[in-house]
Amino acid sequence: MQRSRPLAAATLSLIPSPVLARLTVLLNRAMRRRHPRLVANFARLDPAVVHVFPSDLPHRFAIEFGGGKMDVRVLRETGAGAAPDAEIRGNLMALIDLLEGRIDGDAMFFSREIEITGSTAVIVAVRNTLDREEILISDEIAAIFGPLERPARRIALRVDTAISRARARIAAIHARLHEADAPARDLSAETDALRAEVKALKTRLAKLDVRQTRADSAATGAP
Amino acid sequence: MSLELVCPAGTPAALRAAVDAGADTVYCGFRDCTNARNYPGLNFDPDEMAEGVAYAHRFGRKVLAAVNTFPRAGDARPWHDAIDNAARANVDAVILADIGVLDYAATKHPELRRHLSVQASASNELSIAYYRDRFDIRRVVLPRVLSVEQVAALVRRIGIETEVFAFGSVGPMSEGRCFLSSYITGLSPTSEGACAPASHVSYKEDGPETLSRLGEVTLNRFSHGEPAAYPTPCKGRYVTHGRTSYLFEEPIALNAIDILADLQAAGVTALKIEGRQRSRAYVTEVVGSFRQAIDALDRGQGGAVENTLASVAEGQRQTHGAYTKGWR
């Protein structure tokens, strides 16, 4: 299975807001052309606005859908405009993986990799509607280039590979430099957990003792 | 005989993912209150159901339609339509719980195979025999309350196929009869098809903790970094006798992947993966793991497949549930 590589994150973080806004308009058009069912599914939901906050990008996005329409746009200023029905926060790669159906949204939420606030019904509807469609963001971005789609895709793949390697090297160096910063184990919590476990085992043992005593009594006829 | 792998699909994409990952059978529901996973944006319209069936049949796999909620008084039409649409989509069987819906299906579509949903909560020989004899059900989905020995005893006596849960959420042991959620939301899980409906769920930051709430009731609080869970009332933390604990059920996933040989020896026909409300990534991962485990079992190498499903398990924890519990 193909994967949208870090190119998306690197590119998006470098693009100025006005250019990104224009690209988002083109992306909307491409999505309507390439995924009409996805757009129709969003359009049939109850009207809502969701703000998406990639934690590692200077940009914020709004998804507006329902009441027969669906639109993605770049937010000009944080906090500007009407309050959204819900917000999603997480790093861009996690959000792209989520969009592409590559990772389980519930698992990410349960492990706190993404955070949501606002209407859970709206978030659930967005998650389920996106999950109905097979999307590859790199393909969608390439589709914006029209007749130049294939060369754009080849260049993107090369850049992606280079960025992935560079990121891996930087991550390894960072890990070595900051070994001492690893979070300390929460010994207090571990002790509490072990204490609770011992208590539960003691209770279970006591019950087994009672059961055994009863069984022995029944076998010997003792009262 | 190889265990049949029955897998969930909340969307057409998840159905294709399940088939591609090795499901023998996929179960799904329509986009309304007639199935027990009625969440926004989820499920199939009649055309999507027919397309999904065609896709599965192309690969020699089966599709089951869950119509497993209970009709509201005087309003059985959605359930009857669901049965008619399932038959029209050429599904391989319908999964039903309510005796009125069972009767409708048996009368109007006698050729359509009928399975008894776990929502019927039939867990003993007499109960299952009633559904078998009255409605000619061919398979029963057993509630998650039985030990492997009890499953084996039932299989010997009931004379129809059994399907048991192998992975997914652990229920409160009263499937089809639980009203905890409706006490808080006013919406019945058994008629509306959603326990703890998303419209009533909220998460709120409270200093270093996150509160998960259903309606106006806080069901749990998590410190940052602690795995969170969807707030169903049965998995809330409550204070009783001065002690805070998971009173009914803990957020933990059933995982029977390493006792498949025991379930096969018990005479089980099919293994059910729970999770139509989960993503297609979950479907791909869980179905792929169980496909490998069943194939290994068929080659006489049971237990050879490593269990790697903790990351998609609820609460990131796993249990054999009642299969190996001694409390019964």
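Preceding block: the structure.
Please read all numbers here as calculations on a predicted model, not as lab measurements. (Residues numbered from 1 in each chain as written. Chains lettered and ligands numbered in written order. Predicted model: local features only at pLDDT ≥ 70, side-chain atom pairs only at ≥ 80, totals over all residues. Heavy atoms only, no water.)

Asker: How do you make sense of the overall build of chain A when you look at a structure like this?
Answerer: The secondary structure content of chain A amounts to nine helices and five strands. Along the chain direction, N to C, the helices and strands of chain A fall in the order α-α-α-β-β-β-β-α-α-β-α-α-α-α. A buried classification covers 39% of the 223 residues belonging to chain A. Here the contacts in chain A between residues at least 6 apart in sequence split such that 69% fall between residues at least 24 apart. Surface exposure of chain A reaches about 13,700 Å², of which carbon and sulfur atoms provide 60%. (Helix = DSSP H or I, 4+ residues; strand = E, 2+ residues; numbered from the N terminus. Buried < 20%, exposed > 50% of the residue type's maximum accessible area, 1.4 Å probe, protein only. Contact = heavy atoms within 4.5 Å. Areas by Shrake-Rupley, 256 points an atom, 1.4 Å probe, with all protein chains shown as cover.)

Asker: Please explain the sheet that holds strand S10 (residues 217-223) of chain B as it appears in this structure.
Answerer: Paired through their backbone hydrogen bonds, the strands of a sheet run either parallel or antiparallel. All names here are of chain B. The strand order S8-S9-S10 describes an open sheet built from three strands, whose pairing is antiparallel. Where the open sheet ends on each side, the last strands, each with one partner, are strand S8 (201-206) and S10. Taken pair by pair, the neighbouring strands of this sheet meet at an average axis angle of 25°, ignoring direction. (Pairing = 2+ DSSP bridges. Axes fitted to C-alpha atoms, helices over the stretch in contact; angles between N-to-C directions.)

Asker: What am I meant to see in the sheet that holds strand S3 (residues 69-75) of chain A here?
Answerer: All names here are of chain A. The mixed open sheet is built from five strands, whose spatial order is S3-S2-S1-S4-S5. Strands at the two margins of the open sheet, each flanked by one partner only, are S3 and strand S5 (115-118). Ignoring strand direction, the axes of neighbouring strands in this sheet form an average angle of 15°. For strand S2 (residues 60-66) and S3, the ladder comprises seven bridges, and the chain directions are antiparallel. Counted as the bridge partner of Ile63 is Val72 from S3. Docked against the sheet, helix H4 (residues 92-99) engages strand S1 (48-54) and strand S4 (86-90), running at close to 135° with respect to S1.

Asker: Teacher, can you tell me more about helix H6 (residues 120-131) of chain A here?
Answerer: One full turn of an α-helix is made of 3.6 residues, so residues set three or four places apart face in the same direction. Residue and element names in this part refer to chain A. Over its 12 residues, H6 runs 16 Å from end to end, which matches the ideal 16 Å to within 8%, given 1.5 Å per residue. The element H6 is extensively covered by neighbouring structure, given that 12 of its 12 residues are classed as buried. Between the side-chain oxygen at the start of H6 and the backbone nitrogen of Ala121 there is a gap of 3.4 Å, and the oxygen is on Ser119. (Expected span 1.5 Å × (residues − 1). Polar contact = N/O pair within 3.5 Å; in protein donor to acceptor, adjacent residues only side chain to side chain.)

Asker: What is the right way to look at the interface of chain B and chain A in this model?
Answerer: Bring the parts together and some accessible area is lost; that lost area is often taken as the interface size. Taken together, the contacts link 41 residues of chain B with 31 residues of chain A. Taken over both partners, the interface formed by chain B and chain A buries close to 2,800 Å², and the fraction arising from carbon and sulfur atoms is 45%. Contact with chain A buries surface across chain B, with B:Arg31, B:Tyr203 and B:Arg280 losing the most and accounting together for 22% of the total. In this assembly, chain B and chain A are joined by five salt bridges. One salt bridge connects B:Glu48 with A:Arg132, and the closest N-O pair in it is separated by 2.8 Å. Remark: the boundary between chain B and chain A carries 13 residue pairs in polar contact (both at pLDDT 80 or more). Sorting the residues of the side of chain B that touches chain A by element identifies helix H1 (12-21), helix H2 (46-58), S8, S10 and helix H10 (280-298) of chain B as the ones contributing at least two each. (Buried area = accessible area lost by both parts, 1.4 Å probe. Salt bridge = Lys/Arg side-chain N within 4 Å of Asp/Glu carboxyl O.)

Asker: I would appreciate a short explanation of the environment of A:Arg22 in the present structure.
Answerer: In this structure, A:Arg22 sits in helix H2 (residues 17-34). Linking A:Arg22 and A:Val74, residues 52 residues apart in sequence, is a C-alpha distance of 9.1 Å.

Asker: Whenever I open this one, the nonpolar core confuses me. Can you help?
Answerer: Side chains of a nonpolar character, in soluble globular proteins, are inclined to be buried together. The biggest cluster of nonpolar side chains holds 86 residues, and the ones touching the most others in it are B:Val91, B:Phe290 and B:Tyr323. It is H10(B) that provides the largest number of residues to this core, a total of eight residues. Leave out the neighbours within four places in its chain, and B:Tyr323 touches B:Leu146, B:Ser147, B:Val148, B:Glu149, B:Val151, B:Val164, B:Phe165, B:Leu254, B:Ala256, B:Ile259 and B:Leu263. The next biggest cluster of nonpolar side chains, apart from the first, holds 49 residues, and it includes A:Leu45, A:Ala86, A:Ile116 and B:Leu42. (Core = buried A, V, L, I, M, F, W, Y, C linked by side-chain atoms within 4.5 Å.)

Asker: Would you mind showing me how to read a positive patch on the surface here?
Answerer: The grouping of A:Arg204, A:Lys207, A:Arg211 and A:Arg214 at the surface amounts to a positive patch. Relative to the assigned elements, A:Lys207 resides in helix H9 (residues 187-220). (Patch = residues over 30% accessible without salt bridge, like charges linked within 9 Å, V, L, I, M, F, W, Y side chains within 5 Å. Lys, Arg positive; Asp, Glu negative; His and termini not counted. Charge placed at Lys NZ, Arg CZ, Asp CG, Glu CD.)

Asker: Got a minute to help me understand the pattern of salt bridges in this structure?
Answerer: Once their charged atoms are close, side chains differing in charge can pair, the charge on each being opposite to the other. Residues and elements named next belong to chain B. For the coordinates displayed, the defined rule picks out 26 salt bridges over all chains. The partner of Lys272 in a salt bridge is Glu163, with the nearest N and O atoms 2.8 Å apart. Here Lys272, found in strand S14 (residues 270-273), pairs with Glu163, found in strand S7 (residues 161-169); they are 109 residues apart in sequence, far enough to count as distant. Here the salt bridges do not stand alone but share partners, grouping Glu4, Arg113, Arg139, Glu161, Glu163 and Lys272 into one network.

Asker: Hey, could you run me through the packing of aromatic side chains in this one?
Answerer: Each aromatic ring pair is specified by the distance between its two centres and by the angle formed by the two planes. All names here are of chain A. Evaluated as defined, the whole model comprises eight aromatic pairs over all chains. With a centroid separation of 5.3 Å and 55° between ring planes, the pair formed by Phe42 and Phe65 is classed as tilted. In this pair, Phe42 sits in helix H3 (residues 36-43) while Phe65 sits in strand S2, placing the two residues 23 residues apart along the sequence. Judged by relative accessible area, Phe42 falls into the buried class, the value being 1%. (Phe/Tyr/Trp six-rings, centres within 6.5 Å; stacked < 30°, edge-to-face > 60°.)

Asker: Sorry if this is basic, but what is going on with the pairing of S8(B) here?
Answerer: Along any regular strand the residues' side chains alternate between the sheet's two faces. Residues and elements named next belong to chain B. Bridging between S8 and strand S9 (residues 209-214) involves six bridges; their strand directions are antiparallel. Bridging across to S9, Asp206 finds its partner in Glu209. Counting the residues in the hairpin turn of S8 and S9 gives two residues, including Gly207, whose phi is positive at 60°.

Asker: Just checking my understanding: could you explain the packing of H3(A) against H6(A) for this structure?
Answerer: A pair of packed helices is captured by two measures, namely the crossing angle of their axes and the spacing between those axes. Residues and elements named next belong to chain A. Two numbers describe how H3 lies on H6: the axes approach to 9 Å, and their chain directions differ by 160°. Judged by the angle between their axes, H3 and H6 are roughly antiparallel. The way H3 lies across H6 gives a crossing that is right-handed. In contact with Leu38, Asn41 and Phe42 of H3, H6 contributes Val126, Thr129 and Leu130. (Parallel < 35°, antiparallel > 145°, perpendicular 65-115°, else oblique. Left-handed = near helix turned anticlockwise from the far one by under 90°.)

Asker: Explain the environment of B:Phe44 here, please?
Answerer: Structurally, B:Phe44 is set in the loop between strand S2 (25-28) and H2. Along the backbone, B:Phe44 and B:Arg31 are 13 residues apart, and their C-alpha atoms lie at a distance of 5.3 Å. Leaving out residues up to four positions away in the same chain, B:Phe44 has contacts with A:Arg132, B:Ala9, B:Gly10, B:Thr11, B:Pro12, B:Leu15, B:Cys28, B:Gly29, B:Phe30, B:Arg31 and B:Met49.

Asker: Got a minute to help me understand the state of the cysteines in this structure?
Answerer: Note on terminology: disulfide describes a covalent bond linking the sulfur atoms of two cysteines. Residues and elements named next belong to chain B. Here the structure, examined in full by the defined rule, presents zero disulfides over all chains. The structure places no disulfide on Cys234, whose sulfur is separated from the nearest cysteine sulfur, that of Cys195, by 5.9 Å. With relative accessibility at 8%, the residue Cys234 sits in the buried group. (Disulfide = S-S within 2.5 Å.)

Asker: Quick question: what am I supposed to make of unusual backbone geometry here?
Answerer: If a residue is not glycine, its phi is most likely negative; likewise, a peptide bond is most likely trans. Residues and elements named next belong to chain B. Residues other than glycine seldom take positive phi values, yet Asn90 does so here, at roughly 70°. Within the secondary structure, Asn90 sits in the loop between helix H3 (77-88) and strand S4 (93-96). Residue Asn90 is classed as partly exposed on the basis of its relative accessible area of 49%. Despite not being glycine, Ala196 has its phi angle at roughly 50°, a positive value. Within the element layout of this structure, Ala196 appears in the loop between helix H8 (189-192) and S8.

Structural measurements only, silent on function.
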